[in-house]
Amino acid sequence: MKVYEQVSSLLRASGVDTVFGLMGDANMYVSSAFENQGGQFVRVAHEAGAVAMADVHARMSGRPAVATVTHGPGFTNTLTALVEAARFPSPVLLVTGDPPAEATHLQRLDIGAVCSALGVVHERIHRPDTVVRDFGRVMRRLSTSAAPVVLNIPLPVSVSEAVSAGQPLEPVWLPAGTTVPESALDGALGLVASATRPIVVAGRGVVAASAESAVAELADLLGAPLFTTALGRGLFRGHPRHLGILGTLAHECASQVLMDSDCVLAVGASMNKYTTMGGELVQGKRLVQIDLDPAKLGWLVQPDEGVAGDAAAVVAAMTAELRAAGVSGSGSWRDRGTAAASAMAEWTPQDRRPADGTIDIRTASLLLNRALPADCAIVSDVGRFVAGAWPYLDRCAPGRFTAMTGFGSIGLGLAGAIGAAVSGVSGLTVALVGDGGFMMHASELATAVRHRLPLLVLVFDDGAYGAEYHKLETQGFDPRHSYNDWPDVAAVAAGAGADTHVVETPEDIDVLAKRVPGLERPLVVDIRLDPTHHIPF
Ligand SMILES: Cc1ncc(C[n+]2csc(CCOP(=O)(O)OP(=O)(O)O)c2C)c(N)n1
């Protein structure tokens, strides 16, 4: 047995059934061995795609996911996606390897130095006799830090005869204690109990702690409207006081409620510049923040009270204390929240007539949302389209909405959505991309077509780098510099073998709605938008 076969079988034995990759000298042996041993090798068109797919596979499945690329350019092609996975952070194992030590090797590169510049852990299979212990260390690191690890298997080691045997150490994991000590919450409770118009915002920390019902129970006791962060999308669906996303993407029907609130209780939400509108949104209000990660307390805005702890345990303890103290919340504030939620449910945009051959992005998103099944996985790229799409698309369970926001790179969303679709967490994965982000990695559609993935790609096509359109315009430049003269998006998608649909009117979405149920292969929807129409965020 060779080392590459041993590494492959260790991956299989630790439950890895899928590897995303693109072959070269450093990884073609381990990739082939993985397929020979019954694993699924998802061939990608570009190495960034392999890492973005593994990243979102891990986000959706809650387990580490694996990508593999060759040395030199194969590895450098992953860098943007690798930083995205590191910032999210997401437990991606990226298997690569040094070429033979040779000063003139064309693809030589100090992989460790690049990793340290990126802030990514670099591990190595040192020798054939250290494979098991090196591999075990890597897998334990992945489980504890939940961040990417680059595993360097130098080619000369990879093709050596394996000499060590056995399985890595499986330690007993002891969960952290979750009992909340008495009086630890007094400060937070005092602020919440004395508020007359509190709101609650839940982030992905609530998803991770399975604390949705505990948070809703506390909000119900207080009569507080419930908001989520963008990545908390899917929480509180159907709750009578759920008012959507907090911050720059807040729904206009929720704005007045936000302005009038006097206390924000943030649970598992980092309260970044988007959630707090650069801090503006919490000014003049009391802020109580609960987060498992103490570094997230005061990330941007200093809270009046901060609690570092498990969201479910802390919130349940707060509810019990407040109930025992007879706190019940104000009836009129409760009614304000309910009325705003009803207004949101009935709202349609009326402020602008779309140009011929285009549709208002908010109208399109509202109608598309109705066409989707209830429990999609939704994966978004970045661009200005998010302001017209995210507030209106909520057909996903908690934890099934994610976005490639960690590094602010456009272009990773399509590959991320492919990773989600391969993970199989949902019967339908929806990718949200702008035309610029779509074209950057459109080649990855071929991967989705080859695997016959149930993938709906919504391309918000304003024919421009829309984010730049807006910035150029507001700074007095000619925004037409941001225009892109792309080929027809639907034709590009059809060329890759995907099904296509063009949306210019609400009726086009009615027709699309009939194509969505039971989707068995990628369908790319070219949603034609007017580049001069900007939704502020
Ligand atoms: C890799 C990378 N290149 C460039 C940018 C700068 N950038 C930010 S948003 C944006 C526009 C993206 O255009 P599109 O995908 O069409 O979405 P839109 O903004 O039009 O909705 C660009 C170019 C970036 N964030 N990442």
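Computed from a predicted structure; not experimentally measured.

This part takes up the site of the ligand. Residues in contact with the ligand amount to 16 residues; listed here are only the nearest, Arg384, Gly408, Gly436, Gly437 and Gly466. Here an oxygen atom of the ligand sits 2.7 Å away from a polar atom, N or O, in the main chain of glycine 436. Computed on the free molecule, the ligand has an accessible area of 580 Å², of which 77% lies beneath the protein chains in the complex. Elements with a contribution of two residues or more to the shell around the ligand: helix H18 (435-440) and helix H20 (466-474). When grouped by side-chain class, the residues that make up the shell around the ligand number 5 nonpolar, 7 polar and 4 charged.

Looking now at the side chain of arginine 59. Along the chain, arginine 59 turns up in helix H3 (residues 47-61). Apart from the residues within four sequence positions on either side, arginine 59 is in contact with Glu84, Phe88, Ser90, Thr402, Ala403 and Met404.

Bringing the UniProt feature "domain: Thiamine pyrophosphate enzyme central" (unreviewed entry) in the protein into the picture now. Following the UniProt record, the feature "domain: Thiamine pyrophosphate enzyme central" (unreviewed entry) maps to residues 186-317 here. End C-alpha atoms of residues 186-317 are separated by 11 Å, and the span's content is 29% helix alongside 20% strand.

Burial runs high along strand S15 (residues 429-434): 6 of the 6 residues are buried. Of the two faces of S15, both are covered, the one formed by Thr429, Ala431 and Val433 as well as the one formed by Val430, Leu432 and Gly434. For strand S13 (residues 376-380) and S15, the ladder comprises 4 bridges, and the chain directions are parallel. Looking across to S15, one finds that valine 379 is bridged to alanine 431.

Evaluation of the coordinates by the stated rule reveals 6 aromatic pairs. An angle of 15° between the planes, with centres 6.0 Å apart, marks the rings of tyrosine 469 and tyrosine 483 as stacked. Linking tyrosine 469 in helix H20 with tyrosine 483 in the loop between H20 and helix H21 (489-495), this pair joins segments that are 14 residues apart in sequence. Classification of tyrosine 469 by relative accessible area gives buried; the value is 4%. Judged by its relative accessible area of 37%, tyrosine 483 is partly exposed. Seen from the ring of phenylalanine 88, arginine 59 lies directly overhead, with NZ or CZ sitting 3.5 Å from the centre. The lysine or arginine in question, arginine 204, covers the ring of phenylalanine 88, its NZ or CZ lying 3.9 Å from the ring centre.

So, about the pairing of S13. Taken across its 5 residues, S13 has 5 buried, putting it largely inside the fold. The alternating pattern of S13 places Cys376, Ile378 and Ser380 on one face and Ala377 and Val379 on the opposite face, and all of these are buried.

A few words on helix H13 (residues 311-324). Taking 1.5 Å per residue as the helical rise, H13 with its 14 residues ought to reach 20 Å, and the 20 Å between its terminal C-alpha atoms agrees with that figure. In this fold, the buried residues of H13 make contact with helix H9 (186-194), helix H10 (204-208), helix H11 (212-222), strand S10 (263-267), strand S11 (286-291) and strand S12 (305-308). You can read the cap of H13 off the contacts: a side-chain oxygen lies 3.3 Å from the backbone nitrogen of alanine 312, and it is on aspartate 310. Just beyond H13, the residue with positive phi is glycine 326, at close to 80°.

As a further point, take the sheet that holds S11. What the 6 strands build is an open sheet, ordered S9-S8-S7-S10-S11-S12; its pairing is parallel. Of all strands in the sheet, those with a lone pairing partner are strand S9 (242-245) and S12, marking the two edges. Adjacent strand axes in the sheet meet at a mean angle of 15°, parallel and antiparallel pairs treated alike. For strand S7 (residues 198-202) and S10, the ladder comprises 5 bridges, and the chain directions are parallel.

Let's shift gears to the environment of leucine 226. With respect to the helices, strands and loops of the structure, leucine 226 is situated in strand S8 (residues 226-228). Measuring from C-alpha to C-alpha, the distance between leucine 226 and valine 215 comes to 8.9 Å, with 11 residues separating the pair along the chain. Setting aside residues no more than four positions away along its own chain, leucine 226 makes contact with Val200, Val215, Ala216, Ala219, Phe236, His239, Arg241, His242, Leu243 and Gly244.

In spatial order, the strands read S14-S13-S15-S16-S18-S17; together these 6 strands make up an open sheet with parallel pairing. Each having just a single partner strand, strand S14 (396-403) and strand S17 (499-503) make up the two edges of the open sheet. On average, each strand axis in the sheet is inclined to that of its neighbour by 20°, with strand direction left out of account. Relative to strand S18 (residues 523-528), S17 is paired through 5 bridges, and the arrangement is parallel. If you follow valine 502 over to S18, its bridge partner there is aspartate 526.

What follows concerns the side chain of aspartate 291. The residue aspartate 291 is located in strand S11 in this model. Buried and without a salt bridge, aspartate 291 has lysine 296 as its closest oppositely charged side chain, separated by 6.0 Å. Here aspartate 293 takes part through its backbone nitrogen, which lies 3.0 Å from a polar atom of the side chain of aspartate 291. For aspartate 291, the residues in contact, after removing those within four places along its chain, are Gly268, Ala269, Ser270, Lys296, Leu297, Val307, Ala308 and Gly309.

This next bit is on unusual backbone geometry. Peptide bonds are mostly trans, and most non-glycine residues show a negative phi. That bond from phenylalanine 88 to proline 89 is cis: its omega, -10°, falls within 30 degrees of zero. Of note, proline 89 is situated in the loop between helix H5 (79-87) and strand S4 (92-96). You will see that serine 210, though not glycine, has its phi angle at about 50°, which is positive. Turning to its location among the elements, serine 210 is positioned in the loop between H10 and H11.

This next bit is on the nonpolar core. In terms of nonpolar packing, the biggest core is built from 53 residues, with Phe75, Phe438 and Val457 touching the most fellow members. Top element by residues in this core is H3. It accounts for 9 residues. Not counting chain neighbours up to four residues away, the residues in contact with valine 457 comprise Leu414, Ala431, Val433, Phe438, Leu445, Leu523, Val524 and Val525. Residues Phe88, Leu368, Cys376 and Phe401 belong to the second largest nonpolar core, which totals 37 residues.

Keep in mind that low pLDDT regions are not for reading the predicted coordinates in detail. The pLDDT averaged across the protein works out to 94; a share of 99% of its residues lies at or above 70. Here the predicted complex carries an ipTM of 0.99, next to a pTM of 0.93.

The rules we used
- Residues numbered from 1 in each chain as written.
- Predicted model: local features only at pLDDT ≥ 70, side-chain atom pairs only at ≥ 80, totals over all residues.
- Heavy atoms only, no water.
- Near = heavy atom within 4 Å.
- Polar contact = N/O pair within 3.5 Å; in protein donor to acceptor, adjacent residues only side chain to side chain.
- Areas by Shrake-Rupley, 256 points an atom, 1.4 Å probe, with all protein chains shown as cover.
- Helix = DSSP H or I, 4+ residues; strand = E, 2+ residues; numbered from the N terminus.
- Nonpolar A, V, L, I, M, F, W, Y, C, P; charged D, E, K, R; others polar.
- Contact = heavy atoms within 4.5 Å.
- UniProt positions renumbered as here; feature names shortened; annotations may be inferred.
- Buried < 20%, exposed > 50% of the residue type's maximum accessible area, 1.4 Å probe, protein only.
- Pairing = 2+ DSSP bridges.
- Phe/Tyr/Trp six-rings, centres within 6.5 Å; stacked < 30°, edge-to-face > 60°.
- Lys NZ or Arg CZ within 6 Å of the ring centre and 35° of its normal.
- Expected span 1.5 Å × (residues − 1).
- Axes fitted to C-alpha atoms, helices over the stretch in contact; angles between N-to-C directions.
- Lys, Arg positive; Asp, Glu negative; His and termini not counted.
- Salt bridge = Lys/Arg side-chain N within 4 Å of Asp/Glu carboxyl O.
- Core = buried A, V, L, I, M, F, W, Y, C linked by side-chain atoms within 4.5 Å.
- pLDDT = per-residue confidence, 0-100.

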